[in-house]
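Understanding the architecture of this molecule
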Amino acid sequence: MAHMFVYGTLKTGQPNHQVLLDGTHGRAAFQGRGYTVELYPLVIAGEHNIPRLLNLPGQGRRVAGEVYAVDEQMLRFLDEFEGCPDMYQRTRVMVAVEGAGETLWCFVYSTATFPPEWVHLPYHDDYDSQGEHGLRYNPRENR
Ligand code: PCA
């Protein structure tokens, strides 16, 4: 099992969460909520309002998300689903797990290469597709 930190549309209550619940994709067991130990810029970018953790540790905010233990099959499914390694890259991030008093190295889908102006977008710390920012996520099937 590998640990995966999700901070965007895969979180509970967000538009793509159901893919983690679908047993035909493999297994994902919720471990807890958590925060990145380092600061990261989490922006909502592009015409489809996609959340992206820019791979710039030390800049931005501590980002909230959820940790899942995923099996090999789910990991492969998520790579495909998230367009990894083209759209996102799967990198590692240290996460402080709420209540557990521990930190865990987790995989995360981050963005290494991006238009320079994305660094100047507003930084979020707890993504919600329906948040006050008004930048509603445009699901894949509508693109
Ligand atoms: N899905 C992944 C990366 C960003 C997104 O929308 C996640 O929720 O962590």
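What you are looking at is a predicted structure, and each value in this text was computed from that prediction instead of being measured. (Residues numbered from 1 in each chain as written. Predicted model: local features only at pLDDT ≥ 70, side-chain atom pairs only at ≥ 80, totals over all residues. Heavy atoms only, no water.)

1. Observations regarding unusual backbone geometry
- For the peptide bond that leads from Cys 84 to Pro 85, omega is 20°, which places it in the cis range.
- Examined against the element boundaries, Pro 85 turns out to sit in the loop between helix 2 (72-81) and strand 6 (89-97).
- The backbone of Asn 49 sits at a positive phi, close to 55°, despite the residue not being glycine.
- Summarising the element assignment, Asn 49 is placed in the loop between strand 3 (42-45) and strand 4 (50-54). (Helix = DSSP H or I, 4+ residues; strand = E, 2+ residues; numbered from the N terminus.)

2. Here we look at the nonpolar core
- Within the largest apolar cluster, 33 residues are counted, with the highest numbers of intra-cluster contacts made by Met 4, Phe 5, Tyr 7 and Leu 78.
- Counting only elements with at least two residues in this core, the list comes to strand 1 (2-6), helix 1 (18-21), strand 3, strand 4, strand 5 (64-70), helix 2, strand 6 and strand 7 (102-111).
- Of all the elements, strand 7 adds the most residues to this core, at five residues.
- When neighbours within four sequence positions are excluded, Tyr 7 is seen to be in contact with Leu 42, Pro 51, Arg 52, Leu 53, Val 63, Ala 64, Gly 65, Tyr 88, Val 108, Tyr 109 and Tyr 127.
- Formed by six residues, the second largest nonpolar core is a distinct cluster that contains Ala 45, Leu 54, Phe 114 and Trp 118. (Core = buried A, V, L, I, M, F, W, Y, C linked by side-chain atoms within 4.5 Å. Buried < 20%, exposed > 50% of the residue type's maximum accessible area, 1.4 Å probe, protein only. Contact = heavy atoms within 4.5 Å.)

3. Re the site of the ligand
- Close contacts around the ligand come from Val 6, Tyr 7, Gly 8, Thr 9, Leu 10, Pro 51, Glu 82, Tyr 88 and Tyr 109, and that covers them all.
- One of the side-chain nitrogen or oxygen atoms of Thr 9 is found 2.7 Å away from an oxygen atom of the ligand.
- Interatomic distance of 3.2 Å between a side-chain N/O atom of Glu 82 and a nitrogen atom of the ligand.
- Contact with the protein chains covers 99% of the free accessible surface of the ligand, which is 260 Å².
- By residue class, the composition of the shell around the ligand is six nonpolar, two polar and one charged. (Near = heavy atom within 4 Å. Polar contact = N/O pair within 3.5 Å; in protein donor to acceptor, adjacent residues only side chain to side chain. Areas by Shrake-Rupley, 256 points an atom, 1.4 Å probe, with all protein chains shown as cover. Nonpolar A, V, L, I, M, F, W, Y, C, P; charged D, E, K, R; others polar.)

Just distances and angles here, no functional claims.
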